[in-house]
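Observations on the model geometry
For reference, the chains in residue letters:
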Amino acid sequence: MVGKSEDGRFLEGLRVLVVEDEVWIALDLEAAFVDVGAQVVGPCGTLETALVAAKNEALALAVLDIRLGTATTERVIDLLNERGIPFFFYSGQTLPDEMQKKSNGAVVIVKPAMQQDIVGTAKGVLTSWSMSASPS
């Protein structure tokens, strides 16, 4: 559920998984989400830490790089899908066909992007997801 407080911290208290292996980008993502009130899980720079977080952490949303070194985040997608957690990609890579099939039309933001674009996408993904998850 997307909340909005009076000061614009519309992700207040929501837990966002950040999966990114480039330290400076991970820190930038973390700062962007903290600035709007989110609690960041990670950043996870390896597939192993991302899998543990995706399986065990309480999460509202995930932002994923497509590749962590030579590994893709496909197994992370599987876990997020199983748990019903929305996600989007922030990457300089092209989404492989198999991951595209599993991603259910997930947004892909191409690096580099402005923090407000990333956070705006997060808000849009959460809004779309909560509307689709709501009973008619």
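Summarised in this report is the structure supplied together with it.

A look at the pattern of salt bridges
According to the stated counting rule, one finds 7 salt bridges in the structure shown. For Asp65, the salt bridge is made with Lys111, and the minimal N-O distance between the two is 3.1 Å. Note that Asp65 is positioned in the loop between strand 3 (61-64) and strand 4 (67-68) and Lys111 in the loop between strand 7 (108-110) and helix 5 (115-133), a separation of 46 residues in sequence. Measuring nitrogen to oxygen at the nearest pair gives 3.1 Å for the salt bridge that ties Asp78 to Lys102. With Asp78 in helix 3 (residues 74-83) and Lys102 in helix 4 (residues 97-102), the pair connects residues that are 24 residues apart, well separated along the chain. On the accessibility criterion, Asp78 (25% relative accessible area) is partly exposed. Linked through salt bridges whose partners overlap, the residues forming this network are Glu20, Glu22, Asp65 and Lys111.

Quick look at unusual backbone geometry
Across the junction of Gly42 and Pro43, the peptide omega takes the value 0°, indicating a cis bond. At the junction of Lys111 and Pro112, the peptide bond is cis and its omega measures out at -10° in the coordinates. Mapped onto the elements, Pro112 comes out in the loop between strand 7 and helix 5. Located in the positive-phi region is Asn104, a residue other than glycine, with phi close to 50°.

A few points about the packing of aromatic side chains
Inspection of the entire model under this criterion finds 1 aromatic pair. Ring centres of Phe87 and Phe89 lie 5.7 Å apart, and the angle between their planes is 80°; on these two criteria the pair is classed as edge-to-face. Phe89 matches Phe87 in its accessibility class, with the two residues each being buried. Note that Lys111 overlies the ring of Tyr90, its terminal NZ or CZ placed 5.8 Å from the centroid.

Digging into the nonpolar core
In this structure, Leu17, Val19, Leu64, Val76, Leu80, Phe87 and Phe89 are the most contacted members of the largest nonpolar core, which totals 24 residues. Going through the elements one at a time, strand 1 (15-19), strand 2 (39-44), helix 2 (47-56), strand 3, helix 3 and strand 6 (87-91) are the ones with two or more residues in this core. Top contributing element to this core by residue count: helix 2, with 5 residues. Leu17 has contacts with Val41, Cys44, Ala53, Ala54, Leu59, Leu61, Ala62 and Val63, leaving out every residue within four places of it along the chain. Residues Leu11, Leu29, Ile109 and Ala122 belong to the second largest nonpolar core, which totals 23 residues.

Some details on the sheet that holds strand 2
Taken in spatial order, the 5 strands line up as 2-1-3-6-7 in an open sheet, and their pairing is parallel. One side of each edge strand has no neighbouring strand; the edge strands of this open sheet are strand 2 and strand 7. Strand-to-strand twist of the sheet, defined as the mean angle between neighbouring strand axes without regard to direction, takes the value 20°. Of the strand pairs in this sheet, strand 6 and strand 7 are connected by 3 bridges, and their pairing is parallel. Among the inter-strand pairings, Ser91 is bridged to a residue of strand 7, identified as Val110. Against the sheet, helix 1 (residues 23-35) touches strand 1, strand 2, strand 3 and strand 6, its axis set at about 170° to strand 2.

Parameters at a glance
Each chain carries its own residue numbering, running from 1 in the written order of its sequence. Under the rules for a predicted model, residues below a pLDDT of 70 receive no local features and side-chain atom pairs below 80 are neither given nor counted, while totals for whole chains, interfaces and linings still include all residues. Computation of side-chain values covers all heavy atoms of the structure but excludes hydrogens and water. A pair is scored as a salt bridge if a Lys or Arg side-chain nitrogen falls within 4 Å of a carboxyl oxygen belonging to Asp or Glu. Helix numbers and strand numbers start at the N terminus; a helix is a DSSP run of H or I with at least 4 residues, a strand a run of E with at least 2. Remark: exposure states derive from per-residue accessible area (1.4 Å probe, protein chains only) relative to the maximum for the residue type, with buried under 20%, exposed over 50%, and partly exposed in between. The criterion for an aromatic pair is that two Phe, Tyr or Trp rings (for Trp, the six-membered ring) have centres within 6.5 Å, with stacked assigned to planes under 30 degrees apart, edge-to-face to planes over 60 apart and tilted to the rest. For a ring to carry a charge above it, either NZ of a lysine or CZ of an arginine must fall within 6 Å of the ring centroid while also lying within 35 degrees of the normal to the ring plane. Only buried residues count toward a nonpolar core, which is a set of Ala, Val, Leu, Ile, Met, Phe, Trp, Tyr and Cys residues joined through side-chain atoms within 4.5 Å. Any two residues having at least one pair of non-hydrogen atoms within 4.5 Å are treated as being in contact. For two strands to be treated as a pair, DSSP must find no fewer than two bridges joining them. Geometry is summarised by axes, namely lines fitted to C-alpha atoms with helices restricted to the contacting stretch, and by angles between N-to-C directions that run from 0 to 180 degrees.

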